Amino acid sequence: MYRKVGVIVLLLAVVLTLGFSTSHSRYSKQTRPNSRERKVQKKILNQMLSFRQYISDSLSCEARKERVDLVRLRQIFLKARLLFKDFEWAAEYFTADLTRRLNGPPVDEVENADLLDPALARGIDPMGLQVIEELIFPNYETVNQQKLRSEIDHLVLNTDYLISYFADHPLDDWRILDAAKLEIFRIISLGITGFDNALSLNSMVESSRSLMSLQEVLMRYDDKRDNSILFGALKEGIAYLRLHKDFDTFDRAVFIRDFANKISTGIADIEQRLVGDKIRYNRMLRQEVNTLFDEQAFNPNAFSPGPEFHLTDEKVILGEKLFYDVQLSGTRTRSCASCHNPNMAFTDGLVKQEDIHGTGQLLKRNTPTLLNAALQSNYFYDMRALTLEDQIKEVIVNKQEMDGELGQIRQYVLGNKHYRMLFDRAFPKNKGAINPDHIANALASYIRSLTKLNSRFDDYMRGKDDALSKQELHGFNLFTGKAKCATCHFVPLFNGVTPPKYVQSEVEVLGVPSTLKDSILDADLGYFDIIGVDSYKYAFKIPSVRNIKKTAPYMHNGVYRNLDEVMEFYNTGGGAGLGIELANQTLSDENLHLTESEKKDIIAFMESLESR
């Protein structure tokens, strides 16, 4: 099973999805919900009550028997998961933190706020359906019976909290539709990939149940206009999921293009026709999108420190000039481009870059790509920087990387007439006043401009039938299915920012070796050095596999020279497959049993993700 160490992103209010503005100059909250909103709320409450009663009357009773009937226990558990899927769309949208207690990842999580004071860091104990799944699949040990009973009791209690919330909080039409559309995106990126049922792999049945629940809700928004494409796609998508239940052979490409994209587009159409004010959320996935694969679906400014830091054409022009300027380094010999070569997808092709002072000493980690770097919530392999501006400042002053000094750089650009002109254009409110924040923001803006979701894969998902070969399509289906790659590298960004809200970043404990010659664990502790929680030892940020064709060598230490070696590492169970004993490895230690042909197909698909 693939398990992630979750990181809950808590940035400044302007960065968070909790930050919002209205779509109009004035916004007045409805004091009394309309009849449609009340009916949807009542339906959700009834579904939650049914789930709670079934957990209490059936799952709990079976677990408390002196001799558990494992076959029946599993059947009851799978039905309980289906009952959860009835209201997942609403629970995940309105009460994400609480819902994590019902169906969160079976690993500790830590809040990013703890980066501000690591001494306060604490793990959040896993609980819920995924924890229960691990207790009864693939084997059941009687020694875990008490833990199973305790987890079920927690499930009942937390469902009571959920019921209490929805009983007291009326729903708005626009939020109901927004939640419904995000559920389609959740099905695409998490539901059909086995993200939350990695052992039972009942993904298609569960996804069909989610669609059936949404179908009931959306019927209430049928305004007698032409919604035939939406409801036709819903009906056909449900049927397709029911007919093709096998996890390994399910054609995810067909499902997404022929059904899911049409459904989300239909919901977006109803959203646009909805009368009334709507809150505008500041989240990376733009609220108005039709599909996950729209050309401008993702906002590169979402994780900037605030609106005044958003990219502009003038900032990008300035930032690009700074990016190639060796005067930013202390030795006047290295620019940002020295390690981030645009011809190599903004990497350097080295295992590790050398110290700037020519000592022969290597830097600690491999150079990552800057393409699509803005589409993540944390920076550096160990997640220690919360914004691109923070990362840039740290790289510039790092004694081994650039050994620069921001005050000296400020004096340099102030003394250059052309730079002063560019800074005045980029920051017109601060004409003549240049500070380190302006320098960092200009460079960050240039990096944000390197957001390029325009690969052949994107073309295919936008309707170009011949954009991908049969081999690449088979590779995509393996990537999102049997190989379980997409349970960490989420569609469509293929990095570790969790859909569908794209706020929470994930790190992974893989068990990467120090060299190819032996099976000794690389000594780099990664995120543990930042957060200090034991479950994060050897954990690293999940990078994007977009542009992977040009970004070799791979892993945080550059140990793997090519994608064949990477695929073999994953296929055999990561570090565990190499004989490395690592108690907190989150990557499954099971052999994926990928054939040589299947591995080549996955590589072919990943190489189709190259930006143009």
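What counts as what
- Residues numbered from 1 in each chain as written.
- Predicted model: local features only at pLDDT ≥ 70, side-chain atom pairs only at ≥ 80, totals over all residues.
- Heavy atoms only, no water.
- pLDDT = per-residue confidence, 0-100.
- Contact = heavy atoms within 4.5 Å.
- Helix = DSSP H or I, 4+ residues; strand = E, 2+ residues; numbered from the N terminus.
- Expected span 1.5 Å × (residues − 1).
- Buried < 20%, exposed > 50% of the residue type's maximum accessible area, 1.4 Å probe, protein only.
- Polar contact = N/O pair within 3.5 Å; in protein donor to acceptor, adjacent residues only side chain to side chain.
- Salt bridge = Lys/Arg side-chain N within 4 Å of Asp/Glu carboxyl O.
- Core = buried A, V, L, I, M, F, W, Y, C linked by side-chain atoms within 4.5 Å.

**A few points about the confidence of the model for the chain**
1) Next: Confidence in the prediction for the chain averages 92 pLDDT; 92% of positions are at 70 or higher.
2) Next: Across residues 6-29, where pLDDT falls below 50, the model places 79 contacts with residues more than four positions away in sequence or in other chains.

**Focus: helix H21 (residues 596-607)**
1) Next: In a regular helix each residue adds 1.5 Å, so 12 residues correspond to 16 Å; H21 covers 17 Å between its end C-alpha atoms and thus fits that length.
2) Next: Three or more residues of H21 are buried, namely Glu 598, Lys 599, Asp 601, Ile 602, Ile 603, Ala 604, Phe 605 and Met 606.
3) Next: Where H21 is buried, its residues touch helix H16 (456-461), helix H17 (470-479) and helix H19 (563-571).

**Some remarks on helix H9 (residues 252-273)**
1) Next: Here H9 contains 22 residues, and its C-alpha end-to-end distance of 30 Å stays within 8% of the 32 Å for a straight helix at 1.5 Å per residue.
2) Next: The N-cap of H9, judged by a side-chain oxygen 3.2 Å from the amide nitrogen of Ala 253 a few residues on, is Asp 251.

**A closer look at the environment of Arg 332**
1) Next: In this structure, Arg 332 sits in the loop between helix H10 (313-323) and helix H11 (336-339).
2) Next: Once residues lying within four places of it in the same chain are set aside, the contact partners of Arg 332 are Val 326, Gln 327 and Gln 408.
3) Next: A polar side-chain atom of Arg 332 sits 3.2 Å from a polar atom in the side chain of Gln 327.
4) Next: A polar side-chain atom of Arg 332 sits 2.7 Å from the main-chain carbonyl oxygen of Ser 329.

**What about the pattern of salt bridges?**
1) Next: One pass over the full model with this rule turns up 37 salt bridges.
2) Next: Put simply, Arg 283 and Asp 178 hold a salt bridge, and the shortest N to O gap is 2.8 Å. Within this pair, whereas Arg 283 is found in the loop between strand E4 (279-281) and H10, its partner Asp 178 is found in helix H6 (residues 173-189), the two being separated by 105 residues in sequence. Across this residue pair, the class does not change: Arg 283 and Asp 178 are buried.
3) Next: Of the charged contacts, one joins Arg 456 and Glu 472 as a salt bridge, the two residues approaching to 2.7 Å between their closest N and O atoms. Remark: Glu 472 occurs in helix H17 and Arg 456 occurs in helix H16; sequence separation between them is 16 residues.
4) Next: Through salt bridges with shared partners, a single ionic network connects Lys 364, Arg 365, Asp 382, Arg 384, Glu 394, Asp 524 and Asp 529.

**Details of the environment of Asp 269**
1) Next: Structurally, Asp 269 is set in helix H9.
2) Next: The spatial distance from the C-alpha of Asp 269 to the C-alpha of Asp 466 is 27 Å, given a sequence separation of 197 residues.

**Details of the nonpolar core**
1) Next: Formed by 159 residues in total, the largest nonpolar core has its most connected members in Phe 51, Phe 255, Phe 298, Leu 322 and Met 606.
2) Next: Take this core: its biggest share by element is 12 residues, from helix H2 (residues 70-94).
3) Next: With 12 residues, the next largest nonpolar core counts Met 383, Val 507, Val 509 and Tyr 527 among its residues.

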